[in-house]
Amino acid sequence: MTRPFETQATADQNAPRSEIADPGSGDQAFSATRWLFTATTFLSAFLLFSVQPLFAKMVLPLLGGAPSVWAVALLFFQGALLVGYLYAHLLVRGVPAASSGFVHLALSLFAFAALPIAIPAGWSEPPPGDAYVWQLGLFAVAIGLPFVAISANAPLLQAWYAKTGNSDSADPYFLYAASNLGSLLALLGYPFVFEPAVGLKTLATFWTFGFAGLVLALATCFVVMRKAAAVSGAAVTSESSNTALASGVEFGWRRRLAWVGLAFVPSALLTAFTTHVATDVASAPLIWVIPLALFLMTFVVVFRERAWIPRSILLPLHAGATILALLQLAQTEKETWFYSASFGIAAFVTATLVAHRTLYEARPAAARLTEFYLWMSVGGVLGGVFAALVAPKIFSEVFEYPLLLALSFACRPGALNLARESRKSLALFGVLIVVGGALIAWGPDVATRYQIGFGGWGSTAGIAAAFAILAAVVWRHPPHVLLMAVAIYLTVTLLPSGVHRGQAQRSYFGVYRVIQSADGHFNVLQHGTTLHGAQRIRDVYGNPIASTTPATYYHPRGPMATAVRIAGRLAAMQGRELSAGVIGLGAGSLACHSASGEDWRFFEIDPVMVGIAQSKNFTFLANCQPKADIVIGDARLTLAKEKDERYDLLIVDAFSSDAIPMHLLTAEAIRLYASKIKPTGAAVLHISNRYLDLEQVLAATLPTVGGLHGLVVEDSEDDGYEVTGSTVVVLAKSWEAIDPYKTMLGARNLPEPHLKPWTDDFSDVLGPFLSQYRKKH
């Protein structure tokens, strides 16, 4: 019996070579039937993975650009995939093959009722705060039926192919490679080809036609299978009568749990790694594409009879890359994008390769094919639930990422099989537990007492390095190596490290950290990788103070502070107090640019951010606006409820880590801002961004709105946390209204546009990304 997570070939793989064809060898002639099933599988996967970014992009105007939007979307797709695999399994086992196609084609035709893809009526406004459940419900209502119908195709087509009587039909797993190739091309094609070319509505229409073509291809495959089975005499009864094909292997729960576990680890790691990169490395646009593309590529590499990377090479690569990635997380001296991304990608890819290769080697014969995919999907869903829903609730930071890196060692041969170890080896295992606990508990104190600096890397990195050395010493004992990997995980999460620093809080919209500057003079707010505010808590002599002078982008000489003063003077000239709206609360810095009697209202999507701004770490609100008017919810929805022409000044300062939510910069959003400012008022959009040329985006989008004029104000002054440079765009309804803002330092006209305008239906990220890259290089 196969033990969980072991990579020994199962009894199915010990069958004679003539019984199981080599799907990766290329020796089989590509018959017309094989071509048909391969093409249909490819198209099915292509549609399945193109609907993911398509609908996720549609919901961005409702949920913003937080990493959780993609994480929850991925969880939905994994859950719907499980439903599809369960349906396929029940269909193959309970319905004769000669009739199964009629049932599936009927379901596929019924799925047309949900097309074309769009936001359904009644789902236009999410609840305040966490929107995990609401987003899952939205996806289920909008695309659940067609997604389930398509997700069932992969196992169902393989089950049908197994009954065609082709020379390679005994092992139809080669179709899984075609499926993953289709998924990969759809995933890469959407942001780089389809999205820049046409809008969402057009893509949804194309997708509907593609779905119709898929239904026709499925019908053809079903007809071919029935005819081939009838001619060859292959069984067309339900799978329940064919259990003898399972090569006599006992299918107990231990084996099924192995499938679940081997699918759980890479699935959870996919979400965790994506969240880690977006939170702690770089919140660049399209960042989610890279991990998912690599995840799919691992199936192509190792989900085949002869893996492209032999196990003798793969296992050392995995161990080295994963240990290096964990050591990188243990320190803060070398926190460059290059090191974090390089080690992280290497660890993620090799860990996923190991798990998927083990999973392939544990596959059953074709008669158990649908059950195998069903349990794979169960593991995928559990991994998604853990990383997307459970981890954000139990971890204040992205601790699930190093945890899953450590657990990837459980996917190696014999890692969970202590029964094979000798008594001496078991005693060593116990000693390692004691030594490891002592190092974590007392190591930092000992290092401080005896001034052991570990070469400037810190005690956390030193202790983690000790565990890495021990892992190399016990290399021949897989359970011991797993134990050392877990010890490194405990080190980086229990002690100060690259993933455990400052006071952290976590919500649907990301990870917020409040840290002190190196000199102890500032409390600093970070959202993901980006600075979102700071407050001076000590003067230059180190004495505690309660400063109400905004810092960073909001310093008194900056464009946002200057715009507040100009708008205030204009309002006073008209005999009234300033009315100001601010989208994005942050640490509450802008509140201290207000004057007595003015009317200020803040729009903030995340209640956690409100709590931070009202905490003892930041006193801007407490000192300047103790009864601040704060509206919770997405600004596009809450601002729309405001009275038209209410504000003299509207400041849009919303960020999700380094990214301004795209739906706040579309033509529809700008038109909304214009409707809420007075004829003499102005809107100020903070567009500082490391990756996107948002000047070009607004220069292209503004003319499509009509009746608006704009200018760019660039503040290049930079002096640490005290003063941080920023770029804003000022918009007004007339040149007369915008003239006063031309006096601002760094003001200039918007550039001539060379990009396409952004709308709710179309927003090309690749163009602004390349434009910004060309500016910097």
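Residues numbered from 1 in each chain as written. Predicted model: local features only at pLDDT ≥ 70, side-chain atom pairs only at ≥ 80, totals over all residues. Heavy atoms only, no water.

## Brief notes about the nonpolar core
Formed by 159 residues in total, the largest nonpolar core has its most connected members in Phe55, Ile117, Ile143, Trp207, Phe303, Tyr373 and Tyr401. If we ignore the near neighbours within four places in the chain, the residues touching Ile143 are Val51, Phe55, Phe76, Phe77 and Ile117. Among the nonpolar cores identified, the runner-up in size contains 38 residues, and Phe522, Val582, Ala737 and Met744 belong to it. (Core = buried A, V, L, I, M, F, W, Y, C linked by side-chain atoms within 4.5 Å. Buried < 20%, exposed > 50% of the residue type's maximum accessible area, 1.4 Å probe, protein only. Contact = heavy atoms within 4.5 Å.)

## Comments concerning the pairing of strand β6 (residues 599-604)
Residues in a regular strand project their side chains so that they alternate between the two faces of the sheet. Most of β6 sits inside the fold, with five of its six residues counted as buried. Note: strand β5 (residues 579-583) against β6, five bridges, orientation parallel. Within β6, the position partnered with Ala580 by the bridge is Trp600. In this structure, β6 lies alongside strand β7 (residues 629-632), joined through four bridges in parallel fashion. By the bridge assignment, Phe602 is partnered in β7 with Ile630. (Helix = DSSP H or I, 4+ residues; strand = E, 2+ residues; numbered from the N terminus. Pairing = 2+ DSSP bridges.)

## Focus on the state of the cysteines
Following the criterion strictly, the structure yields one disulfide and no others. Sulfur-sulfur distance for the disulfide between Cys592 and Cys624 comes to 2.0 Å. Residues Cys592 and Cys624 are joined by a disulfide whose S-S torsion is about 95°; by sign, that bridge is right-handed. One end of the pair, Cys592, is in the loop between β5 and β6; the other, Cys624, is in helix α19 (residues 620-624), and 32 residues separate them in sequence. Assessed through its relative accessible area of 27%, Cys624 is described here as partly exposed. (Disulfide = S-S within 2.5 Å.)

## What about the packing of helix α1 (residues 32-63) against helix α5 (residues 153-161)?
Two packed helices can be described by the angle between their axes and the distance between those axes. Across the interface, α1 lies against α5 with an axial gap of 10 Å and an inter-helix angle of 170°. As judged from the angle between their axes, α1 and α5 are roughly antiparallel. Across the interface between the two elements, Thr33, Arg34, Phe37, Thr40, Thr41 and Ser44 of α1 pack against Asn153, Leu157, Trp160 and Tyr161 of α5. A breakdown of the residues in the contact of α1 with α5 according to their chemical character gives four nonpolar, five polar and one charged. (Axes fitted to C-alpha atoms, helices over the stretch in contact; angles between N-to-C directions. Parallel < 35°, antiparallel > 145°, perpendicular 65-115°, else oblique. Nonpolar A, V, L, I, M, F, W, Y, C, P; charged D, E, K, R; others polar.)

## Examining the side chain of His480
Here His480 is to be found in helix α16 (residues 478-494). Here His480 is in contact with Glu421, Ser425, Leu428, Phe429, Leu432 and Val474, once residues within four sequence places are set aside.

## Some details on a nonpolar patch on the surface
On the surface, Trp442, Val446, Tyr450, Ile452, Phe454 and Trp457 cluster together to form a nonpolar patch covering roughly 650 Å² of accessible area. Of the residues examined, Val446 reaches a relative accessible area of 40% and is grouped as partly exposed. (Patch = residues over 30% accessible without salt bridge, like charges linked within 9 Å, V, L, I, M, F, W, Y side chains within 5 Å. Areas by Shrake-Rupley, 256 points an atom, 1.4 Å probe, with all protein chains shown as cover. Salt bridge = Lys/Arg side-chain N within 4 Å of Asp/Glu carboxyl O.)

## Digging into the pattern of salt bridges
Summed over all chains, the structure comprises 21 salt bridges. Two residues, Arg576 and Asp648, come together in a salt bridge whose shortest N-O distance is 2.4 Å. Residue Arg576 is located in the loop between α17 (559-573) and β5, and its partner Asp648 is located in strand β8 (residues 647-652); the two are separated by 72 residues in the primary sequence. By relative accessible area, which is 27% here, Arg576 ends up partly exposed. In this structure, the salt-bridge partner of Asp739 is Lys742, at a minimum N-O distance of 3.2 Å. Look at Asp739 and you get partly exposed, because its relative accessible area is 37%.

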